[in-house]
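The lines below spell out each chain.
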Amino acid sequence: MAKQIPNRILLPENLVPQQWYNLRADMPVKPAPLLNPGTGEPLKEEELYPIFCQELAHQELDDDTRYIDIPAEVLEYYKTFRPSPLHRAYRLEKELGTPAKIYFKFEGNNTSGSHKLNSAIAQAYYAKEQGLAGLTTETGAGQWGTALAMACAHFKLPLTVYMVKGSYQQKPYRRSIIQTFGAEIIPSPSDTTNAGRGILAAQPDTTGSLGCAISEAVEKAVTSEGYRYVLGSVLNQVLLHQSVIGLEAKAALELYDEYPDVIIGCAGGGSNLGGLIAPFMQDKLTGKADPRIVAVEPASCPSFTRGVYAYDFCDTAKVTPLAKMYTLGSGFIPGANHAGGLRYHGMSPILSSLYHDGRMEAVAYEQTNVFKAAMLFSRTEGILPAPESSHAIRAAVDEALKCKESGEAKTILFGLTGTGYFDMSAYEQFLNGSMTDQIPTDEELQANFPQG
Ligand SMILES: *Cc1c(COP(=O)(O)O)cnc(C)c1O
């Protein structure tokens with residue numbers, strides 16, 4: 001007899017993953033290598049040492065090791081908020097009247113409110129192990145800055161966070177949390193770096209961008225003794241750490257003999273999606289199963305659906321290595337009325353390669369449509385989703401509605417990456433009807449595409 005599936009599945013301790021899974025090991029076509037912008041040659045591990053801590057530089061370039069042990073200290077910290085629950089969205093299913101089964105993996109049950117802590121604690125651990133003096137990073141919406149501040153507080157590592165000025169002004173409580181955990185926070189662009197001063201001279205009134213904050217954080221790291229830079233998304237190492245999401249989700253589904261037909265995740269830089277899909281993509285690449293995989297992005301920052309697959313800088317001031325990825329160009333900044341995160345110009349090289357090879361799909365949604373799904377989800381499932389996560393909700397709901405039409409009882413899995421408590425101004429805009437959609441024209445996009 002089939003077991004009754006609970007609303008919330010928690011993995012028993014003996015099934016909690018002890019290793020991260022490196023999807024690159026099973027990719028027949030590896031992601032294109034990072035290039036040294038000076039020479040145009042693939043970067044060697046040692047060339048990354050001035051920017052990244054050594055173990056993370058190693059993980060960044062490791063295309064072969066399939067499973068990597070999660071360090072004991074990281075596992076210990078994971079225990080404070082993992083395993084994260086896998087929910088069956090019974091009430092949402094009922095509200096939609098769909099025969100589909102909807103599951104979501106909820107990563108918002110920690111103080112940072114998102115999946116970013118999975119990688120933050122790993123990165124802070126390796127920095128501490130190497131005996132570094134401190135770390136620098138950037139944060140856009142603020143979740144990464146919060147997660148890394150928590151992780152650095154745990155390991156007593158100094159941290160400087162460059163926060164995109166627009167968010168810094170709009171989200172004072174994000175600032176306060178980051179400061180509560182002991183990090184220094186600087187609105188970007190700032191006069192503390194050459195990159196920041198250059199951007200300020202050209203555009204004194206700019207509210208900043210992620211690409212610009214990255215330039216500042218990298219410059220600060222390489223010019224401060226014993227400091228390194230860390231990044232919360234896009235990089236291969238981050239997708240590796242985030243594989244715990246997918247490994248846990250797959251193990252939890254297996255307890256009930258379930259397997260998803262469709263896996264859906266929002267995509268900013270691609271880390272939560274890359275983590276969620278990792279073991280399922282492994283099944284796809286090794287011929288064991290063939291689930292559909294769908295990336296969901298904002299129509300105002302459509303890297304997959306309207307970007308180009310090309311080598312590009314990861315930042316605005318062009319100080320980082322070149323990555324081959326779907327990109328809107330390192331100068332691209334989404335329109336000012338774009339409310340949530342998911343505003344990075346590029347996309348994970350791993351996901352870019354898989355998308356290019358036709359292993360996954362992508363869709364883009366306008367933000368008002370995304371917030372409609374957030375309303376429905378809040379009222380049925382009782383969780384206030386982050387605007388980013390709500391992109392995945394939108395796509396999952398639309399998939400379930402298609403099932404209602406066709407009568408197919410598909411199994412849908414999506415990633416609920418975080419909670420939206422710090423995004424209430426965006427909710428307010430939606431609720432009072434002042435939220436608008438702004439979709440860049442082809443001309444606007446082409447103006448920023450990388451040349452050559
Ligand atoms: C950062 C963030 C995202 C997007 O980042 P990815 O690297 O694409 O996962 C999505 N949801 C939440 C809640 C976030 O904080």
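Keep in mind it's a predicted model, so treat the numbers as computed, not measured.

**With respect to the pattern of salt bridges**
Alright, step 1. The final tally for this structure, using the stated rule, is 18 salt bridges.
Alright, step 2. Ionic pairing is found between D442 and R306, a salt bridge with its closest N-O pair at 2.8 Å. On the criterion of sequence distance, the pair formed by D442 in helix α18 (residues 442-446) and R306 in helix α13 (residues 303-306) is long-range, its members being 136 residues apart.
Alright, step 3. Residue classification places D442 among the partly exposed positions, given a relative accessible area of 46%.
Alright, step 4. A residue is classified by how much of its surface remains accessible, and R306, at 26% relative accessible area, is partly exposed.
Alright, step 5. Among the charged side chains, a network of salt bridges with common partners joins R292, E361, E399, K402 and K410.

**Regarding helix α16 (residues 387-406)**
Alright, step 1. Here α16 is 20 residues long and its end C-alpha atoms lie 29 Å apart, about the 28 Å a rise of 1.5 Å per residue gives.
Alright, step 2. Most of α16 is tucked away: 14 of the 20 residues are buried.
Alright, step 3. At the exit of α16 stands G407, carrying a positive phi of roughly 80 degrees.

**Examining the packing of helix α5 (residues 117-129) against helix α11 (residues 236-254)**
Alright, step 1. It is at 8 Å that the axes of α5 and α11 come closest, and there the two elements cross at 125 degrees. Classified by the angle their axes make, α5 and α11 are oblique. Considering the relative orientation of α5 and α11, their crossing is right-handed. Contacts from N118, S119, A122, Q123 and Y126 of α5 reach α11 at Q237, V238, H241, Q242, V244 and I245.
Alright, step 2. Tallied by class, residues from the contact of α5 with α11 come to 5 nonpolar, 6 polar and no charged.

**Comments concerning the domain arrangement of the protein chain**
Alright, step 1. Under the domain assignment used here, the protein chain contains domain 1 (9-15 + 83-113 + 243-446) and domain 2 (19-69 + 116-236).
Alright, step 2. Domain 1 puts 44 residues into the contact, and the matching count from domain 2 is 45 residues.
Alright, step 3. For the pair domain 1 and domain 2, the summed buried area comes to about 3700 Å², and 67% of that belongs to carbon and sulfur atoms.
Alright, step 4. Ranking the residues of domain 1 by area buried against domain 2 places S112, I350 and F422 at the top, with a combined share of 18%.
Alright, step 5. Where domain 1 touches domain 2, the interface holds 1 salt bridge.
Alright, step 6. A salt bridge links D423 to K171, with the shortest nitrogen-to-oxygen separation between them at 3.0 Å.
Alright, step 7. Where domain 1 meets domain 2, there are 12 residue pairs in polar contact (both at pLDDT 80 or more).
Alright, step 8. Put simply, the parts of the chain that give the side of domain 1 that touches domain 2 at least two residues each are α11, α12 (271-285), β12 (308-313), β13 (322-327) and α14 (349-356).
Alright, step 9. The dominant element in the side of domain 1 that touches domain 2, judged by the number of residues it contributes, is α12, at 6 residues.
Alright, step 10. Grouping the amino acids of the side of domain 1 that touches domain 2 by side-chain chemistry returns 22 nonpolar, 14 polar and 8 charged.

**Considerations on the side chain of E258**
Alright, step 1. Tracing the backbone shows E258 in the loop between α11 and β10 (262-266).
Alright, step 2. A polar contact is formed between the side chain of E258 and the side chain of K101, at a distance of 3.0 Å.
Alright, step 3. Among the polar contacts listed, one links the side chain of E258 to the side chain of Y103, at a separation of 2.7 Å.
Alright, step 4. Non-local contacts of E258, meaning those with residues more than four positions away in its chain, are made with I5, K101, Y103, L253 and T411.

**Description of the site of the ligand**
Alright, step 1. Neighbouring residues of the ligand: 17 residues in total, closest K116, S233, S271, N272 and T417.
Alright, step 2. One of the side-chain N or O atoms of S271 is found 2.7 Å from an oxygen atom in the ligand.
Alright, step 3. T417 is positioned with one of its side-chain polar atoms (N or O) 2.7 Å from a nitrogen atom of the ligand.
Alright, step 4. For the ligand, whose free accessible area comes to 380 Å², the fraction covered by protein is 94%.
Alright, step 5. Its residues assigned to classes, the shell around the ligand comprises 4 nonpolar, 11 polar and 2 charged.
Alright, step 6. Here the shell around the ligand gathers at least three residues from each of two domains, domain 1 (9-15 + 83-113 + 243-446) and domain 2 (19-69 + 116-236).

Procedures and definitions
- Residues numbered from 1 in each chain as written.
- Predicted model: local features only at pLDDT ≥ 70, side-chain atom pairs only at ≥ 80, totals over all residues.
- Heavy atoms only, no water.
- Salt bridge = Lys/Arg side-chain N within 4 Å of Asp/Glu carboxyl O.
- Helix = DSSP H or I, 4+ residues; strand = E, 2+ residues; numbered from the N terminus.
- Buried < 20%, exposed > 50% of the residue type's maximum accessible area, 1.4 Å probe, protein only.
- Expected span 1.5 Å × (residues − 1).
- Axes fitted to C-alpha atoms, helices over the stretch in contact; angles between N-to-C directions.
- Parallel < 35°, antiparallel > 145°, perpendicular 65-115°, else oblique.
- Left-handed = near helix turned anticlockwise from the far one by under 90°.
- Contact = heavy atoms within 4.5 Å.
- Nonpolar A, V, L, I, M, F, W, Y, C, P; charged D, E, K, R; others polar.
- Domains from an automatic or database assignment.
- Buried area = accessible area lost by both parts, 1.4 Å probe.
- Polar contact = N/O pair within 3.5 Å; in protein donor to acceptor, adjacent residues only side chain to side chain.
- Near = heavy atom within 4 Å.
- Areas by Shrake-Rupley, 256 points an atom, 1.4 Å probe, with all protein chains shown as cover.

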